[in-house]
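Below, each chain spelled out in residue letters.
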Amino acid sequence: MKRIRAMLLAACVLTPAWGMYSPAEAQGIPQNIPRKELVILENPEGTIKNAGWFNIWAINAGSQSNGLQQVALDTLWYIDPEKGLDGAWDNSLAADKPIYNADFTEMRVKLRRGIFWSDGVEFSSADVKATVDIMIKNPSMRFSAVLINNVASVETPDAETVVFKLKKPNSRFHANFTVRWAGIWIMPKHIFEKVEDPVKFDFNKPVSLGAYTLHSFDPDGKWYIWQRREDWQRTTLGRFGQPAPRYLAYVDPGPPDKRVIAQLNKELDVIHDIAPEGMFTLAKNKATRAWFKGFPYGHPDPTLPAVVFNTQNEHFKNRDVRWALAMVIDPKAVVMAAYRGAATISAIAVPPTGVHPDAYHFQMEGWLKDFELDTGKRKIKPYDPAVGKQIADMLRPSMGDQIPTDANEIARAFVTGWWKPDAQAATELLERAGYKKQGNQWMGPDGKPFTVRLMVEGDFRPVMTRAGSMIVQQWRQFGIDAKVDVAQGTLLTRRAAGDFDSFIGWSVETWGGHNDLSFFMDSWHSQFVSEPGKSQPLRNWQRWSHPELDKYIEQIRSISFDDPKGVEIGKEYVKLMVREMPIIPLMAYNVFTAMDTTYWTGWPTAENPYANPVTNWGNSRYMFVKIKPAN
């Protein structure tokens, strides 16, 4: 190994103070870790400011994605964005699915026995109760608010049973203890009950409930090494066999160009995400594998980048205006600008990820083709089912046989259609809304120029910034006073405050591996919409409400998680979103995870989608029981 491995080993040999668990107490550090036993993965959080902070329940500049949530912690259930090892749903610390009473005011959980913390203490219901009680007593902790709002009490009739008494009916309460990216991780009661202040406790060294325990870390926050537990069979991952790597290193490999170089030099097995250009470079390397074998390479995350309108802005209260702005967008130009064409598009407000295309996108293709939009002067059918094929055809001359030709493969990679650019329809919609064009400039009903600021994150998220810049260009060419509003470092704050006209980002996040849409939909209920000027709770950044939407949310709240009615309600939600267009769906957030096969094979791919390949997700732990040494 070269740069990254040299960095790790030099620290071992030359800097004994870097510490086993404390910079001041170096002990038992190996002089050499065999490369064939080590997987090196990118931690996308980069260099960690407070490197020795492992108390994930209290926020203090530590890292979640340094291996802590992926391989050291555990909770009741997991849902993979893809197919999973044995289905997307996995009963982890829980022995079975949640059991609700008839009115969803009580959730009973049966726990697995024979699961042990890395210090030899057996996991039990007392740990679950302590986790909830401690966070309710300390409101500033990461998951406190949701527990305070929902939990009346927690009972533990025996060591393997937990009963949650809820303050109000909630058929999706279990989602809080279900890992998509993360969840409410279970605390070790025997550790935290001895702590005077759990908010100030660093949990260093962390006692592990997962199959790996902390081996060592860099006090400067550049890297963390985890070692497979000798008693890995006494963890929930042990049900699937022994994790192959003995060691895992989560590192900050530096900026994009250095990530590419590191993988080409065999110093980085998995790049969390890389720009499309970097992926194109790595794709030429026979040892590199992405989610798709060829173009578009990237894994479609269960998030939906979109133009998100602030519907409390006077302009965007009118759906004719929102639809007019959608009709100006050329999706092919946007995906070329954002992803150099390597995008999985979506005309509907559901990410084209995991199980969703089969349940929603492909099932609703006929409805989309028949959908009519009234412009005030005529009715049109705005959906173009051939956009995905058009993107593939456009790319084929330069990308050759990397672009699929089979219609089914094209549909899986790019999905199918989007809305036809139609300047005349956009004109008619704006005119019906009271807008007038004076020369080349659209004026609002108040006689002032129609001004739109589209907020982007700048260099922090260049793919979305490029998409936003292209959309602004198209709006300007149509005569709208549109400008890019760069909010680098402040987008999250401004988004919550409603300090924007529109932005490129997502308010739709789903499970991916399960078709239930409540992960985001419940937060869209009108009861959670804040008044202008006040901070908006999670996800309904568009601050949009509608009686039909409330009805669908309330229907979902009243049925179980696996009830097939959930998909039918989801389809009605999709139709409402198409008619009203409170956001303009664009595409999945494609993550260009690059996996090197020199030392390890069996990574998850579109052909073998047993797990999400992205390294910071909690469910990435399932990769380690499937990958194998290359030799």
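Residues numbered from 1 in each chain as written. Predicted model: local features only at pLDDT ≥ 70, side-chain atom pairs only at ≥ 80, totals over all residues. Heavy atoms only, no water.

Brief notes about helix α18 (residues 547-557)
Here is step 1: Turning to α18, its buried residues are Leu549, Asp550, Tyr552, Ile553 and Ile556. When α18 is viewed along its axis, its buried side chains cluster within an angular range of 165° and face the same direction.
Here is step 2: Elements that come into contact with the buried residues of α18 comprise α17 (518-521) and α19 (565-580). (Buried < 20%, exposed > 50% of the residue type's maximum accessible area, 1.4 Å probe, protein only. Helix = DSSP H or I, 4+ residues; strand = E, 2+ residues; numbered from the N terminus. Arc of directions from axis to C-beta. Contact = heavy atoms within 4.5 Å.)

A look at the sheet that holds strand β4 (residues 99-100)
Here is step 1: Strand order across the open sheet formed by four strands is β4-β5-β7-β6, with antiparallel pairing between neighbours. Two strands bound the open sheet, and with one partner strand each, they are β4 and β6 (151-158).
Here is step 2: Note: β6 against strand β7 (residues 161-166), five bridges, orientation antiparallel. Each residue of the ladder has a partner; that of Val154, found in β7, is Phe164.
Here is step 3: Contacts from helix α3 (residues 125-137) reach β6 and β7, with the element oriented near 160° to β6. (Pairing = 2+ DSSP bridges. Axes fitted to C-alpha atoms, helices over the stretch in contact; angles between N-to-C directions.)

With respect to the packing of helix α9 (residues 331-339) against helix α15 (residues 462-477)
Here is step 1: Running from amino to carboxyl end, α9 crosses α15 at an angle of 145°, the nearest separation of the two axes being 7 Å. When the axes of α9 and α15 are compared, the crossing they make is right-handed. Counted together, Ala333, Val334, Ala337, Ala338 and Tyr339 of α9 and Val463, Met464, Arg466, Ala467, Met470, Ile471 and Gln474 of α15 form the full contact between these two elements.
Here is step 2: Counted by class, the contact of α9 with α15 contains 10 nonpolar, one polar and one charged residues. (Left-handed = near helix turned anticlockwise from the far one by under 90°. Nonpolar A, V, L, I, M, F, W, Y, C, P; charged D, E, K, R; others polar.)

Regarding the pairing of β7
Here is step 1: Counting buried positions along β7 gives five out of six residues, so the element sits mostly inside the fold.
Here is step 2: Examined bridge by bridge, strand β5 (residues 106-110) and β7 share five bridges and lie antiparallel to one another. Within β7, the position partnered with Val109 by the bridge is Val162.
Here is step 3: Taking the residues that link successive antiparallel strands as the turn, the β6-β7 hairpin has two residues.

What to know about the domain arrangement of the chain
Here is step 1: Per the domain assignment, the segments making up the chain are domain 1 (35-267 + 597-629) and domain 2 (300-590).
Here is step 2: The C-alpha-based centres of domain 1 and domain 2 are spaced at 32 Å.
Here is step 3: Between domain 1 and domain 2, the buried area comes to about 1,400 Å², and carbon and sulfur atoms account for 55% of it.
Here is step 4: Contact with domain 2 buries surface across domain 1, with Ile79, Arg172 and Arg180 losing the most and accounting together for 45% of the total.
Here is step 5: Counting the contacts that link domain 1 with domain 2 gives three salt bridges.
Here is step 6: The salt bridge involving Glu509 is made with Arg180; its shortest N-O contact spans 3.8 Å.
Here is step 7: Linking domain 1 with domain 2 are 11 residue pairs in polar contact (both at pLDDT 80 or more), by the criterion used here.
Here is step 8: Class assignment of the residues belonging to the side of domain 1 that touches domain 2 gives a composition of nine nonpolar, four polar and five charged. (Domains from an automatic or database assignment. Buried area = accessible area lost by both parts, 1.4 Å probe. Salt bridge = Lys/Arg side-chain N within 4 Å of Asp/Glu carboxyl O. Polar contact = N/O pair within 3.5 Å; in protein donor to acceptor, adjacent residues only side chain to side chain.)

Observations concerning the environment of Val207
Here is step 1: As for its position among the elements, Val207 is in the loop between α5 (189-192) and β9 (212-217).
Here is step 2: Look at Val207 and you get buried, because its relative accessible area is 9%.
Here is step 3: Between the alpha carbons of Val207 and Val335 there is a distance of 45 Å; along the sequence they are 128 residues apart.
Here is step 4: Beyond its immediate stretch of four places on either side in the chain, Val207 contacts Trp117, Ser118, Asp119 and Ile191.

So, the side chain of Thr344
Here is step 1: Tracing the sequence through the fold places Thr344 in the loop between α9 and α10 (356-361).
Here is step 2: With relative accessibility at 0%, the residue Thr344 sits in the buried group.
Here is step 3: Side chain to side chain, Thr344 and Asn590 meet in a polar contact 3.4 Å long.

Describing unusual backbone geometry
Here is step 1: The residue after Asn204, namely Lys205, is reached through a cis peptide bond having omega 15°.
Here is step 2: Checked against the element boundaries, Lys205 lands in the loop between α5 and β9.
Here is step 3: Non-glycine residue Phe203 carries a positive phi angle of around 55°.
Here is step 4: Position of Phe203 relative to the elements: it lies in the loop between α5 and β9.
Here is step 5: For Arg539, which is not glycine, the phi dihedral falls at a positive 85°.

Topic: the packing of α9 against helix α12 (residues 387-399)
Here is step 1: Put simply, α9 and α12 touch, their axes get as near as 10 Å, and they point 50° apart. Compared by their axis directions, α9 and α12 come out oblique. Note on packing geometry: the crossing formed by α9 with α12 is right-handed. Listed contacts from α12 to Pro331, Lys332, Val335 and Met336 of α9 are Val387, Gln390, Ile391, Met394 and Leu395.
Here is step 2: Within the contact of α9 with α12, the residues separate by chemical class into seven nonpolar, one polar and one charged. (Parallel < 35°, antiparallel > 145°, perpendicular 65-115°, else oblique.)

Let's talk about helix α6 (residues 256-264)
Here is step 1: Among the residues making up α6, those that are buried are Arg259, Val260, Ala262 and Gln263. Burial along α6 is one-sided: seen end-on, the buried residues are contained in an arc of 165°.
Here is step 2: Just beyond α6, the residue with positive phi is Lys266, at close to 65°.

Points about the pattern of salt bridges
Here is step 1: Summed over all chains, the structure comprises 42 salt bridges.
Here is step 2: Among the ionic pairs, Glu37 bridges to Arg246, the shortest N-O distance being 3.7 Å. Here Glu37, found in the loop between α1 (3-14) and β1 (38-42), pairs with Arg246, found in the loop between β10 (223-228) and β11 (247-251); they are 209 residues apart in sequence, far enough to count as distant.
Here is step 3: The exposure class of Glu37 is partly exposed, given its relative accessible area of 23%.
Here is step 4: Each of Asp74, Asp90, Arg239 and Arg621 takes part in one network of salt bridges that share partners.

Focus: the pairing of β10
Here is step 1: Counting buried positions along β10 gives six out of six residues, so the element sits mostly inside the fold.
Here is step 2: Burial of the side chains of β10 extends over both faces: Trp223, Ile225 and Gln227 are buried on one face and Tyr224, Trp226 and Arg228 on the other.
Here is step 3: The pairing of β9 with β10 spans five bridges and is classified as antiparallel. Opposite Ser216, over in β10, you have Ile225 as the bridge partner.
Here is step 4: The antiparallel hairpin formed by β9 and β10 contains five residues in its connecting segment, where Gly221 sits at a positive phi of about 80°.

Here we look at the nonpolar core
Here is step 1: With 122 residues, the main nonpolar core has Trp323, Tyr339, Trp419, Phe450, Trp475, Tyr573 and Met587 as its most contacted residues.
Here is step 2: A domain-level breakdown of this core finds at least three residues from each of domain 1 (35-267 + 597-629) and domain 2 (300-590).
Here is step 3: Dropping the residues within four chain positions of it, Trp419 is found in contact with Trp323, Pro331, Ala347, Leu368, Phe371, Pro382, Tyr383, Val578 and Met581. (Core = buried A, V, L, I, M, F, W, Y, C linked by side-chain atoms within 4.5 Å.)

Some points on the packing of aromatic side chains
Here is step 1: Taken as a whole and judged by the stated rule, the model has 38 aromatic pairs.
Here is step 2: Consider the rings of Phe164 and Phe177, whose centres lie 5.5 Å apart with planes at 45°: the pair is tilted. With Phe164 in strand β7 and Phe177 in the loop between β7 and β8 (178-179), this residue pair connects regions lying 13 residues apart in the sequence. For the pair Phe164 and Phe177, one class covers both residues: buried.
Here is step 3: Site record: aromatic cluster; members linked through ring pairs are Trp77, Trp89, Trp511, Phe519 and Phe561. (Phe/Tyr/Trp six-rings, centres within 6.5 Å; stacked < 30°, edge-to-face > 60°.)

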